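Summary of the model geometry
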Amino acid sequence: MSFIPSTSAILNSADPDVGRLVGEEFDRQQTTLQLIASENFVSEAVLAASGTVLTNKYSEGYPGRRYYGGNQIVDQVEDLARERLKQLFGAEHANVQPHAGANANLAAYMALIEPGDTVLAMKLDHGGHLTHGSPANVTSKIWRFVDYGLTPAADDGSGERIDFNQVRDRAIAERPKLIVAGATAYSRTIDARIFREIADEVGALLMFDAAHPAGLIAGGAHPSPVGIADVVTFTTHKTLRGPRGGAILSSAEFAKKVDSAIFPGLQGGPLEHAIAAKAVAFGEALRPEFSVYAHQIVANAKVLAAALSAEGFRLVAGGTDNHIVLVDLRTFDAALTGKEAQEVLDRAGITCNRNTIPDDPRSPFVTSGLRFGTPAMTTTGMGVPEMEHVAQLIARTLRHRTDDAQIAATRAEVAELCRGFQPYGTH
Ligand SMILES: *Cc1c(COP(=O)(O)O)cnc(C)c1O
(Lines give C-alpha, C1' and ligand atoms only; values in the text may rest on other atoms or scores of the structure.)
Protein backbone atom coordinates (compact mmCIF):
# COMPACT_ATOMS: atom_id res chain seq x y z
CA MET A 1 0.00 0.00 0.00
CA SER A 2 1.43 3.40 -0.84
CA PHE A 3 1.00 6.83 0.71
CA ILE A 4 2.98 10.05 0.67
CA PRO A 5 6.22 9.47 2.54
CA SER A 6 7.66 12.12 4.80
CA THR A 7 11.10 12.47 3.31
CA SER A 8 13.87 14.98 3.70
CA ALA A 9 13.72 15.60 -0.06
CA ILE A 10 10.13 16.92 0.16
CA LEU A 11 10.85 19.17 3.13
CA ASN A 12 14.16 20.47 1.81
CA SER A 13 12.64 21.56 -1.49
CA ALA A 14 9.32 22.89 -0.14
CA ASP A 15 10.70 24.70 2.90
CA PRO A 16 14.50 24.84 3.03
CA ASP A 17 14.44 26.86 6.27
CA VAL A 18 12.65 24.17 8.25
CA GLY A 19 14.42 21.44 6.28
CA ARG A 20 17.83 22.81 7.23
CA LEU A 21 16.94 23.00 10.94
CA VAL A 22 15.55 19.46 10.99
CA GLY A 23 18.71 18.31 9.23
CA GLU A 24 20.90 20.04 11.80
CA GLU A 25 18.96 18.44 14.65
CA PHE A 26 19.27 15.05 12.92
CA ASP A 27 23.05 15.53 12.80
CA ARG A 28 23.16 16.60 16.44
CA GLN A 29 21.31 13.45 17.47
CA GLN A 30 23.58 11.26 15.36
CA THR A 31 26.92 12.76 16.47
CA THR A 32 26.49 13.49 20.19
CA LEU A 33 25.63 11.31 23.19
CA GLN A 34 21.99 11.42 24.30
CA LEU A 35 22.01 10.75 28.04
CA ILE A 36 18.75 12.45 28.98
CA ALA A 37 16.81 9.78 30.90
CA SER A 38 13.47 10.79 29.40
CA GLU A 39 14.61 10.62 25.77
CA ASN A 40 14.93 7.82 23.25
CA PHE A 41 15.25 7.15 19.51
CA VAL A 42 12.04 5.91 17.90
CA SER A 43 12.18 3.43 15.04
CA GLU A 44 11.87 4.58 11.43
CA ALA A 45 8.44 2.88 11.41
CA VAL A 46 7.30 5.08 14.32
CA LEU A 47 8.70 8.15 12.53
CA ALA A 48 6.90 7.14 9.35
CA ALA A 49 3.54 6.69 11.09
CA SER A 50 3.92 10.12 12.77
CA GLY A 51 4.22 11.84 9.41
CA THR A 52 1.06 10.57 7.73
CA VAL A 53 -2.26 11.92 6.42
CA LEU A 54 -3.89 10.86 9.69
CA THR A 55 -2.92 14.35 10.88
CA ASN A 56 -5.70 15.67 8.61
CA LYS A 57 -8.54 13.94 10.41
CA TYR A 58 -10.84 15.28 13.12
CA SER A 59 -12.06 12.47 15.32
CA GLU A 60 -13.38 13.93 18.57
CA GLY A 61 -14.84 11.12 20.66
CA TYR A 62 -13.86 7.45 20.72
CA PRO A 63 -14.03 4.58 18.18
CA GLY A 64 -17.67 3.98 17.27
CA ARG A 65 -18.77 7.21 19.03
CA ARG A 66 -17.30 10.09 17.03
CA TYR A 67 -18.68 13.60 16.54
CA TYR A 68 -17.55 13.82 12.89
CA GLY A 69 -18.01 11.62 9.84
CA GLY A 70 -15.33 9.75 7.93
CA ASN A 71 -13.82 7.99 10.91
CA GLN A 72 -14.27 4.39 9.74
CA ILE A 73 -10.55 3.90 9.24
CA VAL A 74 -9.33 6.10 12.07
CA ASP A 75 -11.53 4.04 14.41
CA GLN A 76 -9.56 0.96 13.40
CA VAL A 77 -6.26 2.74 13.99
CA GLU A 78 -7.25 3.81 17.49
CA ASP A 79 -8.74 0.39 18.31
CA LEU A 80 -5.52 -1.27 17.19
CA ALA A 81 -3.50 1.01 19.47
CA ARG A 82 -5.85 0.38 22.42
CA GLU A 83 -5.91 -3.40 21.96
CA ARG A 84 -2.12 -3.64 21.63
CA LEU A 85 -1.65 -1.49 24.71
CA LYS A 86 -4.07 -3.59 26.79
CA GLN A 87 -2.27 -6.73 25.66
CA LEU A 88 1.15 -5.23 26.41
CA PHE A 89 0.30 -4.43 30.03
CA GLY A 90 -2.53 -6.89 30.71
CA ALA A 91 -4.86 -3.98 31.40
CA GLU A 92 -8.67 -3.93 31.35
CA HIS A 93 -8.93 -0.48 29.77
CA ALA A 94 -6.63 1.79 27.75
CA ASN A 95 -6.92 5.40 26.59
CA VAL A 96 -4.32 6.36 23.98
CA GLN A 97 -5.46 9.95 23.37
CA PRO A 98 -3.48 12.01 25.93
CA HIS A 99 -1.28 14.45 24.02
CA ALA A 100 1.41 14.16 26.70
CA GLY A 101 2.19 12.68 30.10
CA ALA A 102 1.06 15.91 31.78
CA ASN A 103 -2.38 15.60 30.15
CA ALA A 104 -2.63 11.95 31.18
CA ASN A 105 -1.99 12.94 34.80
CA LEU A 106 -4.42 15.86 34.74
CA ALA A 107 -7.12 13.59 33.29
CA ALA A 108 -6.42 10.89 35.87
CA TYR A 109 -6.93 13.38 38.69
CA MET A 110 -10.12 14.62 37.02
CA ALA A 111 -11.37 11.04 36.72
CA LEU A 112 -10.61 9.99 40.28
CA ILE A 113 -11.18 12.99 42.56
CA GLU A 114 -13.01 16.31 42.93
CA PRO A 115 -11.46 19.80 42.90
CA GLY A 116 -10.16 20.69 46.36
CA ASP A 117 -9.52 17.06 47.36
CA THR A 118 -6.23 16.14 49.02
CA VAL A 119 -3.56 14.22 47.08
CA LEU A 120 -0.45 12.64 48.60
CA ALA A 121 2.48 12.59 46.16
CA MET A 122 6.27 12.59 46.14
CA LYS A 123 8.11 15.78 47.07
CA LEU A 124 9.35 17.48 43.93
CA ASP A 125 12.92 17.98 45.13
CA HIS A 126 13.06 14.28 46.06
CA GLY A 127 12.11 13.20 42.53
CA GLY A 128 8.39 13.97 42.08
CA HIS A 129 7.08 15.52 38.86
CA LEU A 130 5.79 19.04 38.16
CA THR A 131 2.29 17.57 37.68
CA HIS A 132 2.42 16.11 41.20
CA GLY A 133 1.44 19.44 42.70
CA SER A 134 4.25 21.89 41.96
CA PRO A 135 3.25 25.42 43.05
CA ALA A 136 4.00 26.48 39.46
CA ASN A 137 1.68 23.83 37.96
CA VAL A 138 -2.09 24.00 37.53
CA THR A 139 -2.49 20.75 39.52
CA SER A 140 -1.65 22.62 42.74
CA LYS A 141 -4.34 25.20 41.99
CA ILE A 142 -7.09 22.58 41.59
CA TRP A 143 -6.18 20.03 44.26
CA ARG A 144 -4.51 20.21 47.66
CA PHE A 145 -1.19 18.37 47.44
CA VAL A 146 0.69 17.09 50.46
CA ASP A 147 3.96 15.22 50.09
CA TYR A 148 6.18 12.35 51.18
CA GLY A 149 9.91 12.05 50.63
CA LEU A 150 12.93 9.81 50.79
CA THR A 151 14.81 8.41 53.76
CA PRO A 152 18.04 10.30 54.61
CA ALA A 153 21.22 9.53 52.66
CA ALA A 154 23.36 6.77 54.22
CA ASP A 155 27.09 6.12 53.77
CA ASP A 156 26.48 2.55 52.61
CA GLY A 157 24.03 3.68 49.90
CA SER A 158 21.00 2.17 51.62
CA GLY A 159 19.29 5.56 52.10
CA GLU A 160 17.39 7.87 49.76
CA ARG A 161 14.61 5.29 49.27
CA ILE A 162 10.91 6.11 49.39
CA ASP A 163 10.16 6.46 53.11
CA PHE A 164 7.09 4.24 53.41
CA ASN A 165 6.76 4.99 57.13
CA GLN A 166 6.41 8.62 56.17
CA VAL A 167 3.97 7.77 53.36
CA ARG A 168 1.80 5.91 55.90
CA ASP A 169 2.07 8.62 58.60
CA ARG A 170 1.21 11.38 56.14
CA ALA A 171 -1.66 9.33 54.72
CA ILE A 172 -3.13 8.75 58.20
CA ALA A 173 -2.69 12.42 59.16
CA GLU A 174 -3.93 13.97 55.90
CA ARG A 175 -6.55 11.41 54.76
CA PRO A 176 -5.88 11.97 51.03
CA LYS A 177 -8.50 10.89 48.47
CA LEU A 178 -5.66 9.88 46.16
CA ILE A 179 -2.08 8.68 46.57
CA VAL A 180 0.34 9.13 43.67
CA ALA A 181 3.25 6.73 43.22
CA GLY A 182 5.90 7.40 40.60
CA ALA A 183 8.70 9.89 40.02
CA THR A 184 10.75 11.66 37.45
CA ALA A 185 14.16 11.31 39.09
CA TYR A 186 14.24 8.17 41.21
CA SER A 187 16.70 5.40 40.38
CA ARG A 188 15.16 2.59 42.42
CA THR A 189 12.25 0.19 41.87
CA ILE A 190 8.88 1.52 43.01
CA ASP A 191 6.74 -1.22 44.52
CA ALA A 192 3.07 -0.44 43.86
CA ARG A 193 1.94 -3.09 46.37
CA ILE A 194 3.21 -1.16 49.40
CA PHE A 195 1.43 1.97 48.16
CA ARG A 196 -1.73 -0.12 47.64
CA GLU A 197 -1.67 -1.36 51.25
CA ILE A 198 -1.33 2.20 52.54
CA ALA A 199 -4.04 3.50 50.20
CA ASP A 200 -6.39 0.76 51.40
CA GLU A 201 -5.61 1.55 55.04
CA VAL A 202 -6.82 5.13 54.61
CA GLY A 203 -9.47 4.55 51.94
CA ALA A 204 -7.58 6.42 49.20
CA LEU A 205 -7.40 5.62 45.50
CA LEU A 206 -3.99 4.88 43.99
CA MET A 207 -2.51 6.31 40.81
CA PHE A 208 0.84 5.12 39.49
CA ASP A 209 2.66 7.58 37.22
CA ALA A 210 4.86 5.24 35.16
CA ALA A 211 6.08 7.93 32.73
CA HIS A 212 9.68 6.84 33.18
CA PRO A 213 9.60 3.05 33.68
CA ALA A 214 6.73 2.24 31.25
CA GLY A 215 9.09 0.56 28.77
CA LEU A 216 10.88 -1.32 31.53
CA ILE A 217 7.51 -2.55 32.80
CA ALA A 218 6.46 -3.58 29.28
CA GLY A 219 9.74 -5.48 28.89
CA GLY A 220 9.55 -7.15 32.28
CA ALA A 221 12.50 -5.25 33.76
CA HIS A 222 10.44 -3.44 36.43
CA PRO A 223 7.44 -4.82 38.39
CA SER A 224 4.09 -3.82 36.93
CA PRO A 225 1.64 -1.62 38.81
CA VAL A 226 -1.18 -2.64 36.44
CA GLY A 227 -3.94 -4.42 38.36
CA ILE A 228 -2.59 -2.95 41.62
CA ALA A 229 -3.08 0.79 41.09
CA ASP A 230 -6.54 2.03 40.11
CA VAL A 231 -5.07 4.07 37.27
CA VAL A 232 -1.65 3.93 35.62
CA THR A 233 -0.53 6.92 33.54
CA PHE A 234 2.57 7.18 31.40
CA THR A 235 4.34 8.84 28.52
CA THR A 236 4.87 6.87 25.34
CA HIS A 237 8.18 8.53 24.42
CA LYS A 238 10.52 7.67 27.29
CA THR A 239 11.63 4.06 27.90
CA LEU A 240 8.63 2.82 25.89
CA ARG A 241 10.31 4.27 22.76
CA GLY A 242 7.20 5.52 21.01
CA PRO A 243 6.13 8.92 19.68
CA ARG A 244 5.81 11.91 22.01
CA GLY A 245 2.54 11.44 23.89
CA GLY A 246 0.73 9.90 26.83
CA ALA A 247 -1.60 7.04 27.70
CA ILE A 248 -3.77 5.90 30.60
CA LEU A 249 -4.54 2.37 31.77
CA SER A 250 -7.26 1.58 34.25
CA SER A 251 -9.50 -1.11 35.62
CA ALA A 252 -12.88 -1.49 33.88
CA GLU A 253 -14.40 0.31 36.87
CA PHE A 254 -12.76 3.63 35.96
CA ALA A 255 -12.87 3.26 32.16
CA LYS A 256 -15.75 5.64 31.53
CA LYS A 257 -14.45 8.27 33.95
CA VAL A 258 -10.97 8.19 32.41
CA ASP A 259 -12.33 8.47 28.87
CA SER A 260 -14.61 11.40 29.65
CA ALA A 261 -11.86 13.16 31.59
CA ILE A 262 -9.67 13.15 28.45
CA PHE A 263 -12.53 13.99 26.10
CA PRO A 264 -14.54 16.17 26.49
CA GLY A 265 -13.01 17.02 29.88
CA LEU A 266 -9.52 18.12 28.90
CA GLN A 267 -8.74 17.73 25.21
CA GLY A 268 -10.42 18.26 21.85
CA GLY A 269 -9.58 16.22 18.78
CA PRO A 270 -7.07 13.41 19.26
CA LEU A 271 -3.79 13.33 17.29
CA GLU A 272 -4.52 10.22 15.22
CA HIS A 273 -1.14 10.32 13.44
CA ALA A 274 0.47 10.14 16.89
CA ILE A 275 -1.96 7.36 17.85
CA ALA A 276 -0.93 5.40 14.74
CA ALA A 277 2.70 5.86 15.77
CA LYS A 278 1.79 4.69 19.29
CA ALA A 279 0.22 1.56 17.76
CA VAL A 280 3.48 0.88 15.89
CA ALA A 281 5.54 1.37 19.06
CA PHE A 282 3.23 -0.87 21.12
CA GLY A 283 3.57 -3.52 18.39
CA GLU A 284 7.36 -3.26 18.68
CA ALA A 285 7.18 -3.50 22.48
CA LEU A 286 5.13 -6.71 22.20
CA ARG A 287 8.03 -8.48 20.44
CA PRO A 288 10.49 -10.57 22.48
CA GLU A 289 13.41 -8.30 21.40
CA PHE A 290 11.89 -5.48 23.40
CA SER A 291 12.30 -7.42 26.63
CA VAL A 292 15.97 -7.94 25.78
CA TYR A 293 16.21 -4.19 25.15
CA ALA A 294 14.54 -3.31 28.48
CA HIS A 295 16.88 -5.54 30.45
CA GLN A 296 19.90 -4.14 28.58
CA ILE A 297 18.84 -0.58 29.55
CA VAL A 298 19.06 -1.58 33.21
CA ALA A 299 22.32 -3.51 32.79
CA ASN A 300 23.84 -0.48 31.05
CA ALA A 301 22.64 1.88 33.79
CA LYS A 302 24.24 -0.30 36.48
CA VAL A 303 27.57 -0.24 34.62
CA LEU A 304 27.37 3.52 34.03
CA ALA A 305 26.58 4.05 37.72
CA ALA A 306 29.49 1.90 38.92
CA ALA A 307 31.90 3.61 36.51
CA LEU A 308 30.78 7.10 37.59
CA SER A 309 31.12 6.09 41.22
CA ALA A 310 34.69 4.92 40.49
CA GLU A 311 35.37 8.40 39.06
CA GLY A 312 34.40 9.99 42.40
CA PHE A 313 30.75 10.91 41.93
CA ARG A 314 28.35 10.06 44.76
CA LEU A 315 25.35 8.11 43.46
CA VAL A 316 22.02 9.22 44.90
CA ALA A 317 20.30 6.12 46.43
CA GLY A 318 23.64 4.32 46.09
CA GLY A 319 23.03 3.11 42.54
CA THR A 320 20.21 2.14 40.22
CA ASP A 321 17.56 -0.52 39.54
CA ASN A 322 16.25 1.19 36.42
CA HIS A 323 17.46 3.42 33.56
CA ILE A 324 18.30 6.46 35.71
CA VAL A 325 21.61 7.38 37.32
CA LEU A 326 21.41 10.41 39.57
CA VAL A 327 24.76 11.80 40.69
CA ASP A 328 25.64 14.23 43.46
CA LEU A 329 28.48 16.39 42.11
CA ARG A 330 29.66 17.64 45.49
CA THR A 331 31.99 14.70 46.25
CA PHE A 332 33.57 15.08 42.80
CA ASP A 333 34.06 18.83 43.09
CA ALA A 334 32.34 20.90 45.77
CA ALA A 335 32.45 24.05 43.60
CA LEU A 336 30.83 22.44 40.54
CA THR A 337 27.08 23.08 40.11
CA GLY A 338 24.65 21.02 38.05
CA LYS A 339 24.09 23.98 35.77
CA GLU A 340 27.78 24.46 34.96
CA ALA A 341 28.33 20.70 34.57
CA GLN A 342 25.42 20.39 32.12
CA GLU A 343 26.73 23.31 30.07
CA VAL A 344 30.30 22.03 29.89
CA LEU A 345 29.14 18.52 28.97
CA ASP A 346 26.94 19.99 26.24
CA ARG A 347 30.03 21.61 24.70
CA ALA A 348 31.74 18.21 24.74
CA GLY A 349 28.78 16.61 22.92
CA ILE A 350 27.44 14.86 26.02
CA THR A 351 23.77 15.72 26.48
CA CYS A 352 22.26 15.34 29.95
CA ASN A 353 20.29 17.43 32.42
CA ARG A 354 21.04 19.04 35.75
CA ASN A 355 18.83 17.79 38.53
CA THR A 356 18.16 18.56 42.15
CA ILE A 357 19.44 15.95 44.57
CA PRO A 358 17.36 15.21 47.70
CA ASP A 359 17.40 18.30 49.97
CA ASP A 360 19.61 20.15 47.48
CA PRO A 361 21.19 23.25 49.05
CA ARG A 362 21.21 24.91 45.61
CA SER A 363 18.15 26.20 43.74
CA PRO A 364 16.30 24.03 41.18
CA PHE A 365 17.75 26.28 38.46
CA VAL A 366 21.34 25.67 39.60
CA THR A 367 21.27 22.30 41.44
CA SER A 368 24.03 20.03 42.77
CA GLY A 369 23.26 17.02 40.61
CA LEU A 370 23.13 15.55 37.15
CA ARG A 371 20.66 12.98 35.84
CA PHE A 372 21.81 10.45 33.26
CA GLY A 373 19.77 7.78 31.52
CA THR A 374 20.57 4.84 29.27
CA PRO A 375 17.42 4.26 27.10
CA ALA A 376 18.59 6.19 24.03
CA MET A 377 22.16 4.89 24.04
CA THR A 378 20.93 1.34 24.54
CA THR A 379 18.70 1.73 21.47
CA THR A 380 21.79 2.50 19.39
CA GLY A 381 23.33 -0.81 20.49
CA MET A 382 25.77 0.51 23.08
CA GLY A 383 26.65 -1.91 25.84
CA VAL A 384 28.98 -2.38 28.78
CA PRO A 385 32.30 -1.22 27.20
CA GLU A 386 30.65 1.93 25.84
CA MET A 387 29.10 2.78 29.24
CA GLU A 388 32.54 2.61 30.85
CA HIS A 389 33.93 4.81 28.09
CA VAL A 390 31.07 7.33 28.51
CA ALA A 391 31.73 7.58 32.27
CA GLN A 392 35.39 8.37 31.56
CA LEU A 393 34.41 11.03 29.01
CA ILE A 394 32.05 12.66 31.54
CA ALA A 395 34.65 12.69 34.31
CA ARG A 396 37.42 13.96 32.04
CA THR A 397 35.23 16.79 30.70
CA LEU A 398 34.25 17.95 34.17
CA ARG A 399 37.77 17.61 35.59
CA HIS A 400 39.24 19.80 32.83
CA ARG A 401 36.25 22.05 32.38
CA THR A 402 38.23 25.24 31.78
CA ASP A 403 40.45 23.62 29.13
CA ASP A 404 38.87 24.39 25.74
CA ALA A 405 41.32 22.19 23.81
CA GLN A 406 40.46 19.25 26.05
CA ILE A 407 36.72 19.85 25.55
CA ALA A 408 37.19 20.00 21.77
CA ALA A 409 39.20 16.76 21.85
CA THR A 410 36.47 15.06 23.88
CA ARG A 411 33.82 16.28 21.44
CA ALA A 412 35.76 14.66 18.60
CA GLU A 413 36.10 11.43 20.61
CA VAL A 414 32.34 11.48 21.28
CA ALA A 415 31.63 11.89 17.56
CA GLU A 416 33.93 8.96 16.80
CA LEU A 417 32.16 6.80 19.42
CA CYS A 418 28.74 7.81 18.01
CA ARG A 419 29.81 6.89 14.46
CA GLY A 420 29.73 3.24 15.50
CA PHE A 421 26.26 3.57 17.09
CA GLN A 422 24.06 5.70 14.86
CA PRO A 423 20.34 5.46 15.63
CA TYR A 424 19.36 6.01 12.00
CA GLY A 425 22.49 4.87 10.15
CA THR A 426 24.00 6.96 7.41
CA HIS A 427 21.55 8.95 5.25
C1 LIG B 1 7.90 13.03 31.92
C2 LIG B 1 6.95 12.90 33.04
C3 LIG B 1 5.63 13.37 32.95
C4 LIG B 1 5.14 14.29 31.86
O5 LIG B 1 5.30 13.95 30.58
P6 LIG B 1 5.19 15.07 29.40
O7 LIG B 1 4.94 14.23 28.20
O8 LIG B 1 6.47 15.81 29.41
O9 LIG B 1 4.02 15.94 29.72
C10 LIG B 1 4.76 13.10 33.98
N11 LIG B 1 5.16 12.40 35.05
C12 LIG B 1 6.43 11.97 35.21
C13 LIG B 1 6.79 11.22 36.43
C14 LIG B 1 7.36 12.22 34.21
O15 LIG B 1 8.61 11.81 34.38
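Criteria and thresholds
Residues numbered from 1 in each chain as written. Predicted model: local features only at pLDDT ≥ 70, side-chain atom pairs only at ≥ 80, totals over all residues. Heavy atoms only, no water. 1 Å grid on protein atoms, 1.4 Å probe; cavity = no way out; pocket = protein on both sides within 12 Å on 5 of 7 lines; lining within 4 Å. Points joined across faces, edges and corners; volume = space filled by probe spheres on them. Nonpolar A, V, L, I, M, F, W, Y, C, P; charged D, E, K, R; others polar. Helix = DSSP H or I, 4+ residues; strand = E, 2+ residues; numbered from the N terminus. Core = buried A, V, L, I, M, F, W, Y, C linked by side-chain atoms within 4.5 Å. Buried < 20%, exposed > 50% of the residue type's maximum accessible area, 1.4 Å probe, protein only. Domains from an automatic or database assignment. Contact = heavy atoms within 4.5 Å. Polar contact = N/O pair within 3.5 Å; in protein donor to acceptor, adjacent residues only side chain to side chain. Patch = residues over 30% accessible without salt bridge, like charges linked within 9 Å, V, L, I, M, F, W, Y side chains within 5 Å. Areas by Shrake-Rupley, 256 points an atom, 1.4 Å probe, with all protein chains shown as cover. Salt bridge = Lys/Arg side-chain N within 4 Å of Asp/Glu carboxyl O. Near = heavy atom within 4 Å. Pairing = 2+ DSSP bridges. Buried area = accessible area lost by both parts, 1.4 Å probe.

1. Quick word on empty space enclosed by the protein
Counting across every chain of the model gives 3 cavities of 30 Å³ or more. Looking at the largest cavity, it is lined by 15 residues, and the ones nearest its centre are Ala183, Tyr186, Ile190, Pro213 and Asn322. Grouping the constituent residues of the lining of the largest cavity by class yields 7 nonpolar, 6 polar and 2 charged. Here the second largest cavity is characterised by a volume of approximately 60 Å³. Forming the boundary of the second largest cavity are Gln29, Gln30, Thr32, Leu33, Gln34, Phe41, Met377, Thr380, Met382, Cys418, Phe421 and Pro423. Contributing elements (two or more residues each) for the lining of the second largest cavity: α2 (16-31) and β1 (33-34). Residues of the lining of the second largest cavity, tallied by class, amount to 7 nonpolar, 5 polar and no charged.

2. Quick notes on the nonpolar core
In terms of nonpolar packing, the biggest core is built from 63 residues, with Leu85, Ile162, Ile179, Phe195 and Phe234 touching the most fellow members. The element contributing the most residues to this core is helix α11 (residues 272-285), with 7 residues. Lining this core are residues from two domains, each supplying at least three of them: domain 1 (53-285) and domain 2 (296-419). For Ile179, the contacting residues outside a window of four places in its chain are Leu120, Ala171, Phe195, Ile198, Ala199, Val202, Ala204, Leu205, Leu206 and Met207.

3. Thoughts on the layout of surface pockets
Volume-wise, the second largest pocket comes out at about 400 Å³. Every residue lining the second largest pocket is counted, 20 residues in all, and those nearest its centre are Leu124, Gly128, Asn355, Thr356 and Pro364. Broken down by element, the residue count for the lining of the second largest pocket peaks at 3 residues, all from strand β14 (residues 353-355). Residues that form the lining of the second largest pocket fall into these classes: 8 nonpolar, 9 polar and 3 charged. Mapped onto the domain boundaries, the lining of the second largest pocket takes at least three residues apiece from domain 1 (53-285) and domain 2 (296-419).

4. Section: helix α8 (residues 192-202)
Listed in full, the buried residues belonging to α8 are Ala192, Phe195, Arg196, Ile198, Ala199 and Val202. The secondary structure elements touched by the buried residues of α8 are β6 (144-148), α7 (164-174), β7 (178-181) and β8 (205-209). Regarding α8, its N-cap is Asp191, as a side-chain oxygen of that residue lies 2.9 Å from the backbone nitrogen of Arg193 further along. Gly203, located one to two residues past α8, shows a positive phi value of around 70 degrees.

5. Quick word on a nonpolar patch on the surface
Together, Leu11, Val18 and Val22 give the surface a local cluster of nonpolar side chains, amounting to about 210 Å² of exposed area. Note on placement: Val18 falls in helix α2. Relative accessible area serves as the criterion here: at 38%, Val18 is assigned to the partly exposed category.

6. Some details on the site of the ligand
The full set close to the ligand counts 13 residues, and Gly101, Ala102, Thr184, Asp209 and Lys238 are the nearest of them. Contact distances for the ligand include 3.5 Å between an oxygen atom and a side-chain N or O atom of His212. The side chain of Lys238 places a nitrogen or oxygen atom 2.8 Å from an oxygen atom of the ligand. Protein coverage of the free-state accessible area of the ligand, which is 380 Å², stands at 85%. A per-element tally of the shell around the ligand places helix α5 (residues 101-112) first, with 3 residues. Across the shell around the ligand, the residue classes tally to 4 nonpolar, 7 polar and 2 charged.

7. Comments concerning the pattern of salt bridges
Under the defined criterion, the tally for this structure stands at 26 salt bridges. Here Glu343 and Lys339 are joined by a salt bridge, their closest N and O atoms 3.2 Å apart. Of this pair, Glu343 and Lys339 both sit in helix α13 (residues 338-347), 4 residues apart, roughly one helical turn. Where Arg419 meets Glu416, a salt bridge forms, and the shortest distance between an N and an O atom there is 2.8 Å. A residue pair is termed a helical-turn pair when its members lie 3 or 4 positions apart in one helix, as Arg419 and Glu416 do in helix α16 (residues 404-419) at 3 residues. Given the relative accessible area of 53%, Arg419 is considered exposed. Owing to a relative accessible area of 48%, Glu416 belongs among the partly exposed residues under this scheme. In this structure, a network of salt bridges that share partners links the residues Arg66, Asp75, Glu78 and Glu272.

8. Quick word on the pairing of strand β5 (residues 118-122)
Counting buried residues in β5 gives 5 out of 5 residues, a clear majority hidden from the surface. Note: β5 against β7, 2 bridges, orientation parallel. Among the inter-strand pairings, Leu120 is bridged to a residue of β7, identified as Ile179.

9. Here's the deal with the environment of Ala111
If you trace the backbone, Ala111 turns up in helix α5. Here the alpha-carbon distance between Ala111 and Ile262, two residues 151 residues apart in the chain, equals 8.7 Å. Among all residues touching Ala111, those that are not within four sequence positions of it are Lys257, Val258 and Ala261.

10. Quick look at the domain arrangement of the protein
Domain boundaries assigned for the protein yield domain 1 (53-285) and domain 2 (296-419). When domain 1 packs against domain 2, close to 1,700 Å² is buried across both sides, 50% of that on carbon and sulfur atoms. Summed over the three residues of domain 1 that lose the most area to domain 2, namely Glu160, Ser187 and Arg188, the buried surface amounts to 33% of that side. On the surface where domain 1 and domain 2 come into contact, there are 2 salt bridges. One salt bridge connects Arg188 with Asp321, and the closest N-O pair in it is separated by 2.9 Å.

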